[in-house]
Structures are given as C-alpha cells and as structure tokens.
Amino acid sequence: MNDHPLPALRNQFLSLHKLLMNAERAAYEKEGNVIESPMQFLQLLMEHERFAWLRQLSQLVVVMDEAMEEKPPITKERMDALVGEARHLLLGSEEPGSFAVRYAKVRGRESAVAAAHAEISKSFV
C-alpha cells in the first residue's frame, strides 16, 4: 500500500475538504448570511441543502478510511477502484448541480483550491 497513491490521496482529500468548506462558508456569509458559531456551521454542513454537495467528498474519505483498515488488507484492485471513484467525483460529471460542476466553479474562483487540485491530479495519472 505504501507505493499506491490512495493513502496520500485520502490525506489530500481531507485538505481539499477543508478548503472547500471554508470557501463555501465565505461565499455563504458574503451573501449576508451569518454563521455565529462553529456548531452552527457544522449543523449547516450536515443539514443545509447548500452544503449537501460537500457531503459526497466527506463520504468518500470515510469509505477510503474504512477500506484501508479492512482485514485482510485492501487489495490493489480495490485501491485502484477508490482512486477511480475519487477521479470521477472531482471530474466525472457535467450534469448541472453535480459535485464536479460545483467543484469546478469553486476551483475557478479560489486559488488555494486550484493548487490543491493540481496536486491531487497527480494521483490520477
């Protein structure tokens, strides 16, 4: 597993998730909405439709975590499949409202997200 991109990709996805949450929080607040506490923000992330698309990334990280803890150890084929799922999540759909479309919009306006994407893309070659 040490030479496979999945463990590093999982960590990159965690960092990306934080960047996306912060970017979406800033956009939400820029629209005049007030988030008064971290707990309120967590509740918005878990329940508000506006942040629902981010849950897909959260869920994929959880799946990666669980797969890497499997007994017997995860197979190369399963790791490859998870990298494929990650690629598809970020780039695979042009359907309006899909994660990939919303992600592309944030990536276009946030240089830190674009930089993180450039690093993540190296796992997809």
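Residues numbered from 1 in each chain as written. Predicted model: local features only at pLDDT ≥ 70, side-chain atom pairs only at ≥ 80, totals over all residues. Heavy atoms only, no water.

Observations regarding the overall build of the protein chain
Moving on, step 1. Along the backbone of the protein chain there are 6 helices and 0 strands.
Moving on, step 2. The linear arrangement of helices and strands in the protein chain, starting from the amino end, is α-α-α-α-α-α.
Moving on, step 3. Overall, the protein chain is about 50 × 30 × 25 Å in size when its C-alpha atoms are taken along their principal axes.
Moving on, step 4. In the protein chain, which comprises 125 residues, the proportion classed as buried is 37%.
Moving on, step 5. Taking all contacts inside the protein chain whose residues are at least 6 apart in sequence as the whole, residues at least 24 apart take part in 63%. (Helix = DSSP H or I, 4+ residues; strand = E, 2+ residues; numbered from the N terminus. Buried < 20%, exposed > 50% of the residue type's maximum accessible area, 1.4 Å probe, protein only. Contact = heavy atoms within 4.5 Å.)

Here's the deal with the pattern of salt bridges
Moving on, step 1. For the structure shown, the criterion picks out 9 salt bridges.
Moving on, step 2. Measuring nitrogen to oxygen at the nearest pair gives 2.7 Å for the salt bridge that ties Glu 31 to Arg 50. Here Arg 50 lies in the loop between helix H2 (38–47) and helix H3 (52–68) and Glu 31 lies in the loop between helix H1 (6–30) and H2, a separation of 19 residues in the sequence.
Moving on, step 3. Exposure remark for Arg 50: the relative accessible area of 18% places this residue in the buried category.
Moving on, step 4. A salt bridge links Glu 85 to Arg 78, with the nearest nitrogen and oxygen atoms 3.9 Å apart.
Moving on, step 5. Exposure remark for Glu 85: the relative accessible area of 38% places this residue in the partly exposed category.
Moving on, step 6. Relative accessible area serves as the criterion here: at 28%, Arg 78 is assigned to the partly exposed category. (Salt bridge = Lys/Arg side-chain N within 4 Å of Asp/Glu carboxyl O.)

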